[in-house]
Structure formats: structure tokens, C-alpha cells
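Descriptive structure summary
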Amino acid sequence: MPQDPSISGLLPSWSFSPGGLALPSLGQRRRRWGEWEGPKEQQGACHDLHLFLLCLSTARQLRVPGSRQQLQRGRKESEEAGGWWALQIIPEVAWHWILEHLRLLLLCFLTESSGSKGDQSPPSEEQEEAGTMAGKPAKKSSIPGVSIWQLVDEIPEGCSTPDFKQKPVTQALPEGKNAIFRAVVCGEPRPEVHWQSTKGDLSDSSKYQISSAPGSMEHVLQINKLTGEDSDLYLCTAVNAYGEATCSVRLTVIEVGFRKNRKRQKEPQEDLRKELTNFRKMLKKRTPPPVPEKKMEPEQVWQLLMTADRKDYEKICMQYGIVDFRGMLRKLQEMKKEREDRMAQYVNAITNLRHVRVTKEGVATFDLELDLKDLESKIYLYKDGEMIPYGFDNQTKHCLRRLGKRYHFLIQDLQPEDAGLYQVMVEDAVVFSTQLEANTIPPRVVVPLAEARCEEQGDAVFECILSNPCPNATWHFQHRKLRLSDKYEVFVSPDGLTHRLVVKGASCSDMGLYSLNTGLHTSSAWLVVEGSVDHFAQGLVDTEVHLGEAAVLSCALTSDLGPGTWSKDGVKITAHDGVIFEQDGLTHRLILTHVEGTQAERYTFVGGRQHTEASLIMQDKPQPPQGPLEVQDCHRAGVCLRWRPPRDDGGQAIQHYVVERKQAGRSTWLKVGEPPPDSTSFTDASVEQGRKYTFRVRTVTSEGAGDALESEEVLVAPKAPPGPPSAPDIFSASSQSITLTWAAPRGPGSAHILGYLVEKRKKGSNTWMAVSKQPVSERRCTVMGLRQGCQYEFRVMAVSSSGPGEPGPPSDAVFARDPMRPPGPVRDLRVTDTSNSSITLSWNWPDTQVDDEAQGFIVELCGSDSLQWSPCHMGTVQGTTFTAKGLRPQEGYSVRVTAVNEGGRGQATSLDSGVHAMPAAVCPKFVMDSSAKDTVMVRVGDSIRVPVSFEAAPLPEVTWLKDGLPLPQRIVTTVKEGLAQLLIPAASLSDRGRYTVMLRSPQGKEAAYSFRVSVAACPQAPGPIFLQENVPGTVTAQWEPSPDEAQGIPLYYTVLMRSSSHGSWREVADRVHTNRFTLGVLPGHEYHFRVLAKNELGTSEPSDTSQPWCIPRQRERFTVKAPAHREPDLSRKPRFLVGLRAHLLPQGCECRMTCAVQGSPRPHVTWLKNDRSLDKIPGLYSTDMLGVCSLVIPSVTLQDSGEYKAVAKNPLGQAVSTATLIVTEYSS
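Criteria and thresholds
Residues numbered from 1 in each chain as written. Predicted model: local features only at pLDDT ≥ 70, side-chain atom pairs only at ≥ 80, totals over all residues. Heavy atoms only, no water. Pairing = 2+ DSSP bridges. Helix = DSSP H or I, 4+ residues; strand = E, 2+ residues; numbered from the N terminus. Salt bridge = Lys/Arg side-chain N within 4 Å of Asp/Glu carboxyl O. Buried < 20%, exposed > 50% of the residue type's maximum accessible area, 1.4 Å probe, protein only. Contact = heavy atoms within 4.5 Å. Polar contact = N/O pair within 3.5 Å; in protein donor to acceptor, adjacent residues only side chain to side chain. pLDDT = per-residue confidence, 0-100. Phe/Tyr/Trp six-rings, centres within 6.5 Å; stacked < 30°, edge-to-face > 60°. Lys NZ or Arg CZ within 6 Å of the ring centre and 35° of its normal.

What follows concerns the sheet that holds strand β66 (residues 957-962). Pairing within the open sheet is mixed, and its five strands lie in the order β64-β71-β70-β66-β67. The sheet is open, and its two borders are formed by β64 (935-939) and β67 (965-966), each paired with just one other strand. The pairing of β66 with strand β70 (residues 993-1000) spans six bridges and is antiparallel. Bridge pairing in β70 places Thr959 opposite Met998.

Moving on, we get to the pattern of salt bridges. In this structure the tally under the stated criterion is 36 salt bridges. Across the pair Glu860 and Arg896 runs a salt bridge whose closest N-O atoms are separated by 2.7 Å. In this pair, Glu860 sits in strand β56 (residues 856-863) while Arg896 sits in strand β59 (residues 892-901), placing the two residues 36 residues apart along the sequence. Of the residues examined, Glu860 reaches a relative accessible area of 5% and is grouped as buried. Residue Glu951 pairs with Lys925 through a salt bridge whose shortest N-O separation is 3.7 Å. Placement of Glu951 in strand β65 (residues 944-953) and of Lys925 in strand β63 (residues 922-926) is noted, with a sequence separation of 26 residues between them. For Glu951, a relative accessible area of 38% corresponds to the partly exposed category.

What follows deals with unusual backbone geometry. The peptide bond linking Glu188 to Pro189 adopts the cis configuration, its omega dihedral lying at 0°. Across the junction of Ser1160 and Pro1161, the peptide omega takes the value -5°, indicating a cis bond. Position of Pro1161 among the secondary structure elements: in the loop between β83 (1151-1160) and β84 (1164-1169). Positive phi, normally seen in glycine, also occurs at Gln457, with a value near 70°.

Topologically, Tyr346 is positioned in the loop between α11 (325-343) and β12 (347-358). For Tyr346, a relative accessible area of 17% gives the class buried. Expressed as a C-alpha distance, the spacing of Tyr346 and Asp371, which sit 25 residues apart in the sequence, is 8.9 Å. Leaving out residues up to four positions away in the same chain, Tyr346 has contacts with Leu372, Lys373, Asp374, Val426, Glu427, Asp428 and Ala429. Here the side chain of Tyr346 touches Asp428 through a polar contact of 2.6 Å, side chain to side chain.

To continue, consider the confidence of the model for the protein chain. In this model, the protein chain carries a mean pLDDT of 79, and residues with pLDDT of at least 70 account for 82%. When mean pLDDT is compared element by element in the protein chain, strand β88 (residues 1202-1210) scores highest at 94, while helix α1 (residues 5-10) scores lowest at 35. Long-range and interchain partners of residues 106-137, a stretch whose pLDDT sits below 50, account for 50 contacts in this model, where long-range means more than four residues apart. A low-confidence stretch, residues 282-293 stays under pLDDT 50, and its non-local contacts, those more than four residues away or across chains, total ten contacts.

With that settled, the discussion passes to the side chain of Arg1058. Along the chain, Arg1058 turns up in strand β74 (residues 1052-1059). Classification of Arg1058 by relative accessible area gives buried; the value is 10%. Excluding anything up to four places from it in sequence, Arg1058 contacts Gly1063, Ser1064, Trp1065, Glu1086, Tyr1087, His1088 and His1125.

Summed over the entire model, instances satisfying the criterion amount to 19 aromatic pairs. Their ring planes at 70° and their centres at 5.6 Å tell us that Trp742 and Tyr756 sit as a pair that is edge-to-face. Taken as a pair, Trp742 in the loop between β47 (737-741) and β48 (755-762) and Tyr756 in strand β48 lie far apart in primary sequence, 14 residues in all. Judged by relative accessible area, Tyr756 falls into the buried class, the value being 4%. For the pair Trp1039 and Tyr1053, a centre-to-centre distance of 5.5 Å together with 65° between the ring planes defines the contact as edge-to-face. Here Trp1039, found in strand β73 (residues 1034-1039), pairs with Tyr1053, found in strand β74; they are 14 residues apart in sequence, far enough to count as distant. On the basis of relative accessibility, which here comes to 1%, the residue Tyr1053 falls in the buried class. Sitting over the face of the ring of Phe815, Arg817 holds its NZ or CZ atom 4.4 Å from the ring centroid. In this structure, Arg1058 is placed above the aromatic ring of Trp1065, and the distance from its NZ or CZ to the ring centre is 5.0 Å.

Spelled out as C-alpha cells, the structure:
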């Protein structure tokens, strides 16, 4: 590039060269910078030009990918326009490096220039000469990252420029720790070492401690009690009289707590960084900011929760800020019920929900099983509330595969914007919601790696930009993971999208393929190191070799450069590594007799200062085809398979594919086809309908078949297969053959049977073997080729157009030997018991002769509506009794029993007449115990319940009579198994009489039982009393009988007497069953008589004499004044002695509410429910027996619940008693 005079005048100590811009050394800068002063305008222009030329020099030295082509193309355009073309063509990917290096260089300039003193005069000739020498390119150090400047043309013998044997190591430490950097420096004379940071000097001795042991080459910088302000780039500079060496190291301080968010003080030279940023904005537009993440609407969060697993509730609540977990569960339950109601319009059931997941091929899938009520219902797919279209093949981004009730959704070519909430709707009902999270989308390569070129010992840069952050991205060299060291530096931008690899001090051994692997995607580019190989007549060439074979790497030199050395991936190879070295003149060979996988590396031969390198490439099998392997049931055509070609064919052309299948339950794979290499689909027409299969596809090259791509298990939609035939019957058996017979199968698919397949197995074995290759057309088969004396079992499968059906049950085990004679007929076959669903039989063993002993029995039934005999059991019956169960009630059956042995069946024995499935007839009879009474005595108003037990089979006809006539409608009767019951809810006097229950069987047999019911109340009072003296000194009291006596109610009388000498009544006679009584009296006394009628239920009102009875004394008259008798006043208002109590009863039970009331005159009791009278309510009745009052409800219902009152009234007042009745439903 031609040097502008104005520029050279402003930059006295800088020089331009074809290799780039040469900067002055630190020592030169200290001596030369700032010694010349010009106009202020030139000083400002100089400062701006410094920045531009630094950018240009940095871009030139970095050798960013593509910079050479861009420079050449842009130079012509920019020179014609007269602009600063070097700045306009710097690619975007180089700016990160430029700014970082520019910051360091500018800081060095400004820091040193600010401290320089001296006369400001134009540079002298000697200084110009020194500046010219300082313009030499920097020397190379053996330690990557170290820069060396030589300050003189020639270095005396025994002297050297400074260099680093060990440079400081980058550190990341937490706050409060101490950081220690160690550098080992060499050089003659011994160099002086300085430490510096980009923020300023390190003069604070309490913070920074710089030390070096006398005579030691190690120099130490210790930074005490680290804070966030100490994060910086630190420089170590070694200077002596012949040159200087510099290196840098970064310290990162990890802040904790609130210090993370505090704002740091502005670093020194912040204005320069802003200025450079402004330059960058002028030249290149910034990368657009990332798209803000969409916030999910609350309604979408609830939709996601409704279909999520319960174990994921907590994670979703924390992610979207739901803190009321209990409230969430309640609302979720309500929303689920509403959704189920809405779904019920279109869906019978939804099962097997599988949420979205991303496969290793980068395809997002989710699926569910839908049982639709209408197969024509429309299914929609929504993303974040917006409907998105989908297809039914792999040609669209969103596609649906349907197999039966299974709906499988796929999202292909995933991008970050595909993250969101996906919902499946049937018509207008949401049936499934699932979320595709952004962190599950695999990153894609947006800007791939480009080929990088650099000179030998230069630095090469690779940069790749991804669609989203990938912390697991790894760098590879020659398809092997790169082992990071001082030679390689890896950078990742703060947003995690840009990944950069710097190869320092590149040599010919570093040439090759570099790649960035994200797990799913890979970007690769070559590094080309421009060096000379003219000393080689023939260099090493890449060699392909198979595993286990021998490989030879050879090169030929143009001149003898010595024995040379071989290395693998930078590591020297010796004979101990299992290789052979050969040299034939100028030809050098490396022989590997048995190549292993670890030997497929990069090999280098070094002769003198020249080297050549090549790769040993291992030929490998191809990768599996790309999935997923699509399996579609094409019905009659078979099963259609689709796949994609493999990503890597192993370096060889694909010859064909191999398609294999495996039936469910089996372990062997069957090859079904070999599609050509240009075909990625195949149809297997040989599948059997109704069976499950797994398919796999392999890629085949000249290296062999690669790994397989396997599908999920798929069910081939079946036609209706035939049902299983019956267990085979042994028709005959001998040592040579066994003849079988069986019954045809039933059910769908059994109408058109093409034949039967018969299988056999030895008893105790699990392996069934086919008897014949072709189906048998008849339901009879003779099996040959049996081993004599072995015991066999047989089973049969029916074959139709849809294929073979399920095998039937196995037959009884039979020996392959000459047959025995069939047994004779069984004896004394009889029915011992019957019921509505079973018949029990018994018989005797048949008469035995030679070789005809029975080994079991077969019981068969034939219904009245059928002509076919059917066995009642599996196998044979070993005993002489059997119960046939599961019969239809009242159905008639014919029964026969056949004895069997190895010789076959004997003659069947049948019953003479049919047998009905019903219990055995039992004549009706009553079962009465000692507690049964012939007379039942109750009070008026009480309920009567009389149970009568009986025995009869079948259930007889039951008839109730009262006094020889049918019962009144108000009387209830029930009949259960063995029990007849009479129920009178509320007895009245009209219910008295003789009751008879009659049983009549279907055969006309009868039985009867009678009992008397006596209903009584408190008797009525007797009539008037008449007194007469029939015998002197006695009196006879005669009275009119109680009216109840005329009605036949049993009662008796009690006679009371009160005389003038005794003021109270006393009992003189009890249990008088006549209407007269005689007793002795004394003359001169007055007697009063009272008669009461009594029975078991109580006492009547008294009947008193109207006039006293008196016999005069036979002596002189004298006057006796008897005291007047006064009846006591017993009047009092009503009061309850015993109040009502609350009742809690189930439906159908009897309720009796009872209370005891006292009062005179006798109070009248009224019953109320919820303050409404119950006098006219049917079905209820009340009683009042001598103040004991009851309300009876025979069978309570839910409507009877409420508050009940008993109100007792007489002329003196009233009293109230209250209780609550609660009626409950029957529990389940």
C-alpha cells in the first residue's frame, strides 16, 4: 500500500509493510511518543488516524475468515471512491476481536504518553533511524500469547531478547480471596519486569504486592482481598537492552449478594471505548435485539394445567407465579368439569396423552388417543391462541399422522419462534394443551464457519453464530473433540449466540477440518496454513484404510535433511507405539501393520525445518437413515414405510437399503426387501392383519450395513379373524396314529373357514409343532409319525381369508399306543338335586372287563331347544358325581354320561326323561316353634305383625283369609322365601277374628295355619248396682254387665266397699267373672259399693251405688250423727310427666312418639306437625290410654320429617311437648 506523506509525517515511528501495520515497541514508545508537537488540528487528526490504523492493523493481523477476498473486492471499489476502504470492509465477526485488542493497545499508548516528559521538538535523524529499526515485525515466542520486540539490528553472542518460559494463568475467584499471578522470565542480560492493568498502575502496596526472589527468574503479582473492581486485564512486560516481551492475563472476580447489581465506577479511558463504539455504529449496524419472550395469557396457563401431569403442577405454578396452590386445585377441578361437559358433545373418551417432546432428530412431537362420537368432526391445531394449518405428510412444517384412534402431531424444522402453547380442538372444544419450551429447541447454525487462512505461526479465527444459546456446543478438529490448551482459545458472546475459536501459532500440523457441534447440527470449515513444501518431492497424502488392515504413509525429500521424526496429532511417535519406521534413501515410510480405531489421526513428518502432514482416514460403516421411520397402514396394500437418507454414508456410495420386520413377541428379524439407494420408501405387502410389527431400515455400502433406524410397534388393522375351535376330541389312538375331531369356531370371522391347522406337543413341553403344512379342510385329522409310548396334546387353529385365528384350547393328553377297549356304560344314572341354575347327577362305575377300565367320564347336556349335545366341563370328570351349573331357570335338559379311557368313549347312558333346572319339589308345610301362640292380643291402635315360616319348593301360592273371607284392603301381606307375613298398621275392634294362611303348591298340595287376633280397649263401665238382702246379715250387690261383655271381650270385675266406720274405699272382691257378689255386713253401719270392669288392657270407669245399704240394730233407738263425707278436690291443669323425644329413623320404619300427661279433668291431647293439625291426615293414628298418649306412623318417608307437638288441654289450662323427627335415605 503506498504511504501517504501526510500520514508518515504524523506517524514518525510507525511503518507500513505488505504484512500489515508495524507498531513501535513499548520501549520505543516510551522514548519517541509525544516528542514532536504540531498544530492542534494535526494532533486531533493524528489521534483519529491512530484509531483507524489500529483497527486496520488488527483486522490485518487477525486474518478473519473471508477477509482476503473482501479486501481484494472492496479495495477497487473504495479506491475509486477515494474513501477509507480498509475500515469499510472489516467484517462484522472481526469487530469483537478488534475492540478487545484496540482497548489494550490504546491504553498502553495513552498511559505511557501521559507520563512522558522532555523537550518537544521534531524527531532527529538518529531517532528516525531507531524508529525504522523498531518497525521490524515482532519475533515469535515458544509460548502462545507472548509478543517479543527486538530493539537492535544485531544481538551480540551470548545475549538475547526477553522471553517468557511460563506466563501467568487466567483466574476466576470469588470476592475476598487473594489472586496470585506467577511469570517465569528469561533473557540476557536479565530483564526488568513490570506489572500493569488497563485501569492504571499498581502503586497501592497494601493492595498489590510485586515480588521476585534474588537470582530467581520467577516474578509474582499478588492482589489482596479481591473486589468486583479488580476484574481486569493485567499486563506483564519484561525489558532489557535488546528487546521487550509482553503477555496479558485476565482476572475475573465473582461477586455475590447485592454487589452483583451495583454499578461499577467507570473504568479509565471509558471515553475512548465510547468513541470506538460510535465508529462501529457508523460502519456497521448492530445486531437487532432479541425478540422479547411472549408472555402466556392466564387462560392459556389454565389450559396447560388441565392436561398436565399432577407432578408438574408445582413447576408450572412457580413458572407463572401462581401462589395459591389450594385455590388453583379448586379452580382447576371446576374448569375440568366444564371442559368435560363441553368435550362430551364430540368425544367419548380421551386417553394416553403425551406432552410435547423434542426427538434427537430435532422434531417436536405430541400425541393423544381420541374416541370421537362423529368421525367427521373437525380437528384444529392452535398455537398461542392462533389457529395454524397442518398437513398429512412430511412436506409441511406442522403435520398430523393418524393411525386408528391415535393422533400424532409433528413440528419440523424447529425455530425459536416455534416455542409456545399448542392446543388441539375438536370443533369448539379444547381437548389437549401442551407447551413447547424455548430451551428444548435445539440450536441451529445461522452463520456457518468459513474457511480460514493464515501464515505459518499466525493466528487463525473461526466464528459461528447460532439461532439460540447452546452451552454444550463443542469444537472438533478432524472429527475429534478439541482438547483446549494454551494453543486454543474459545470465546462465547454474552448472549450465547456467537462462538469463536482462535488457533494460536498455527502450523502445518494444524491444517484440517474444524467444526462446531451443537449436538444436532454441525458447521465445519478448513484451516489453510500458507507454508512452503518445496523440500518434498512427494508429500504425505490422506490415506483411507479399513479397521484391522495395514496402512503405509510415505513421503520423498528433494535433499537429505536427516532422519526426520514422525508425530501423531502433535505427539512424537516411537517404535514402542507399535509402528515401523523405514527409510530408503530420500523416501521415509511409516507402516501400521494392524490399524486400530485410535490410530485414525493426523500424522506429520518433520525433516529439518520442513514438514508434511496427512490424515489416516478410517473407512467406516454408514450412519442409520434419518428418522423418524414413518409407518402407515395401507390396508390391502400392506404397510408403507418412509425414511430419509443418512447424514453420513461413511465415505462410500450407498448400494441399497435393507428393510426388516419383527413380529411382536418374537426375537428374530425377517428381511422383507432391499430398496435401491435412490428410494426412501418401501411397502411390505406380506404382513398379516391383526398382528403387531416393528420395522427397521439399514443403509448398506461397500463397508457393510450400518446401524438400524427402528420404528415403534404398529398394529396392522385386522379383518375379523376366525374364532378358536373347540378342544379336539380323541376319536381313536394307537401306537402309529391318533385321530382327532373338533367343533367349528363361532363368532365373527368364522363364517368362511378355508381349513384348519393342527399342532401337537409333548405333555409338559411349551413348544407347539405343526402337524401339516397345509390346512385340513375337514374337522377331522389323523396325526401320524408319533413316538410310541409318548403322551401328546393337540390344538387346532381355524384359517380364513384374513389368516389363521387364535388357537383353540388343547386336548386331553393321550398316549400314542395301541388302544384299550372302550369302557362300558355307566350304571344307575340319577338326579340327586336340582336348583334354578344347576343339576346334580350321580352314577356308578361301569362293569369292567379286560382292558376296558374307565379313566374318566364326560357329562353332556342337550337343551330343549337344541339338537346338539354339549359337554358341561373341560377335560373329564374323575368321580361319580357332577353338578352342571350356569343353566337357565325352568329350562328342560336331556342328560347323558359317557365313560372314556384311552381306547375312546364307551356307550352313553341317558336319563329316561328330561330334567328341569328348578329346585326339587317340597310339599308345603308350616314350621312353627314353641313360642308361636294361637291368640294374638293387641290394643286398639297398635300395629300387628305376624310372621309365619314355612317350607315349600317351588314357592307356593299363599292365600290369607279372615273368618273365611278375603282380607280387607288395609291389611298388608308379604311373601318371601320361606316366610309369609301379616301386617295391620293400626288395629281396630273390627280386626278381631280368626285369620288363616293357606299354602298351595303347583301340584295341588295344600297346608293351612290359623290363629286368632283379639283387639281390645279399656272396658266400658258396668251398669247400675242393685243391693238386696237374700240372707240375713249379708248383702248381695248385683249390677248390669259392661257392654263389652256382650261383644265377647274377656273381662272381669272388681268390687270396692266403703263403710261409715272407714272413710276410704277398699277392695272386697277381685276377678269376679259374674255380675253379682255377696258379702257380710254389720247392723247399724252404712255401706257404699263400687264396681269396676277390668281386662288386660286397663280398668273402666267406676259404677257406684246411688244409696247406701244399712241394717238397723235390734236395740233401743238412739241417734247417731255420722260425719258428712266430702269428696277431695283433685282438679289441676295439665302437665307432662314424660315429654316427647327426638327420633332419627331410616325410610320405611315405624315411628311411635309417646308421652305421659296428667291433669284433672282429664285433658284432651291434640297432635300437630309444623303447627298443623294431624287429625285428618290418613295413614297416621293416635292413642290415649290413661294419660299415656302415642302418635304412630307405620312407615315413615322423607316428607314426614319435621317438628311434632302434643298439646294437652282441659278447662284449667294447657301444656305442650315438642320433638323433632328426622328421616334419612337408604345408604348405598
